[in-house]
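# Close look at the chain arrangement
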Amino acid sequence: MTNRSGPAKEQALVIKTIRHGETSRIATLFAPKWGKIVVLAKGARSGKSGSTGGVLDAPSLIEAVVHIKSSRSVQLLGQTSVVDSFGNLKSDVSRSAYSAVVSEIILKGFTDEEANPSAFAAALTSLKNFDLGLIPNRYILLEFLLAIAESLGFGIDPFSCPVCGISPAKTGLVNKFQLVDGAVCCTSCESSSFEIQNVSGEVVGILRLFKRGNVNFERVKISKQAQNELITLLIKHLRYHHTAFNNLSSYNMLGQLALD
């Protein structure tokens, strides 16, 4: 987008907003074509008719016109309307806490103007599911973490053994997961990697189920222990491949709140 100029219109997720001056806001948006983009919303806090104040409450899905100049780092936000305010999500403490992890990963995992349509789709799907409240929060987060790792170029392969190449890898009650490859070793294979995480057979099975796609969330049952193990594993995998995820305050808060 750095070579473009003039007004551009697109749907975008509002990831973060801060006050600017007496009446304005600075917002961080995430869109399929723009990627992560910082915009100035003049008069957003003025209370005047037509102001963009409520439109920019994060997280929200908006349709926005942005006036782009490649010479500036903060673009100018024009006409804006709400597509989805995720009102149910915002009114629920648990769902809000989980959605904050999604927003922070998007905020920290992508550089400005780095377009990634698959990451946008993963974030939007997660926020919609949190808002609907029909799927357990942890399942939604698991699906998002797997999708975001894939979109960043270090997706998980729970099928092929990184040592011998057999697919599916022969697994047991306790298995070795290589962080560098994001793959599960056969129980009989010796890994030379120092970055190994032990994972249970249930975790391997769930990873394979999620990677196949089209999961029937009403029928999938994951033990509480496996849920914790999966989320911890996926966060560790993200941190291994991307230092920006070393300090995810929203994820740390989940542990402190002990939310389901």
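These notes cover the structure that comes with them. (Residues numbered from 1 in each chain as written. Predicted model: local features only at pLDDT ≥ 70, side-chain atom pairs only at ≥ 80, totals over all residues. Heavy atoms only, no water.)

Glancing now at helix 5 (residues 201–212). Here helix 5 spans 17 Å end to end across 12 residues, near enough to the 16 Å set by a 1.5 Å rise per residue. Taken as a whole, helix 5 has its buried residues at V203, V204, I206, L207, R208 and F210. On its buried face, helix 5 is in contact with helix 4 (137–151), strand 6 (174–178), strand 7 (183–184), strand 8 (196–200) and helix 6 (224–241). Looking at the residues trailing helix 5, positive phi occurs at G213, about 85 degrees. (Helix = DSSP H or I, 4+ residues; strand = E, 2+ residues; numbered from the N terminus. Expected span 1.5 Å × (residues − 1). Buried < 20%, exposed > 50% of the residue type's maximum accessible area, 1.4 Å probe, protein only. Contact = heavy atoms within 4.5 Å.)

Our next topic: unusual backbone geometry. Each neighbour pair has its own omega, and for A58 with P59 the value is -10 degrees, a cis peptide bond. For P59, the location among the structural elements is in the loop between strand 3 (35–41) and strand 4 (60–68). A positive phi angle, close to 50 degrees, is found at F86, a residue other than glycine. Relative accessible area serves as the criterion here: at 0%, F86 is assigned to the buried category.

Attention now moves to the side chain of R25. With respect to the helices and strands, R25 occurs in strand 2 (residues 24–31). Of the polar contacts made by the side chain of R25, one reaches the side chain of D57; its length is 3.4 Å. (Polar contact = N/O pair within 3.5 Å; in protein donor to acceptor, adjacent residues only side chain to side chain.)

Turning our eyes to something else, we now look at helix 2 (residues 93–109). With 17 residues, helix 2 extends 24 Å from end C-alpha to end C-alpha; this agrees with the ideal 24 Å at 1.5 Å per step. Restricting attention to buried positions, one finds in helix 2 the residues S94, R95, A97, Y98, S99, V101, V102, S103, E104, I105, I106 and G109. Where helix 2 begins, the capping side chain belongs to D92, and its oxygen is found 3.1 Å from the backbone nitrogen of S94.

It is worth spelling out the nonpolar core at this point. Core analysis: the biggest nonpolar cluster contains 57 residues, and L13, I105, F144, L145, I148 and I222 have the highest contact counts within it. Looking at this core, the elements with two or more residues in it are strand 1 (6–20), helix 2, helix 3 (117–132), helix 4, helix 5, helix 6 and helix 7 (249–257). Those residues in contact with I222, other than ones at most four positions away along the chain, are Y139, L142, E202, I206, F210, Q227 and L230. Of all hydrophobic cores here, the second largest spans 17 residues; its members include A31, V39, V55 and I62. (Core = buried A, V, L, I, M, F, W, Y, C linked by side-chain atoms within 4.5 Å.)

With that settled, the discussion passes to the pattern of salt bridges. In total, this model carries six salt bridges according to the counting rule given. The salt bridge partner of R25 is D57, with a shortest N-O separation of 3.4 Å. A residue pair is termed long-range when its members are at least 10 positions apart, and R25 in strand 2 and D57 in the loop between strand 3 and strand 4 qualify at 32 residues. Looking at D57, the relative accessible area reads 33%, which means it is partly exposed. Put simply, R95 and D92 hold a salt bridge, and the shortest N to O gap is 3.9 Å. (Salt bridge = Lys/Arg side-chain N within 4 Å of Asp/Glu carboxyl O.)

Moving on: the sheet that holds strand 8. The three strands lie next to each other as 7-6-8, forming an open sheet whose pairing is antiparallel. Edge positions in the open sheet fall to strand 7 and strand 8, since each of these has one partner strand only. With two bridges joining them, strand 6 and strand 7 adopt antiparallel strand pairing. By the bridge assignment for strand 7, F177 is matched with V184. Against the sheet, helix 5 engages strand 6, strand 7 and strand 8, with an angle of about 90 degrees to strand 8. Along the sheet face, helix 6 touches strand 6 and strand 8 and points at about 160 degrees away from the line of strand 8. (Pairing = 2+ DSSP bridges. Axes fitted to C-alpha atoms, helices over the stretch in contact; angles between N-to-C directions.)

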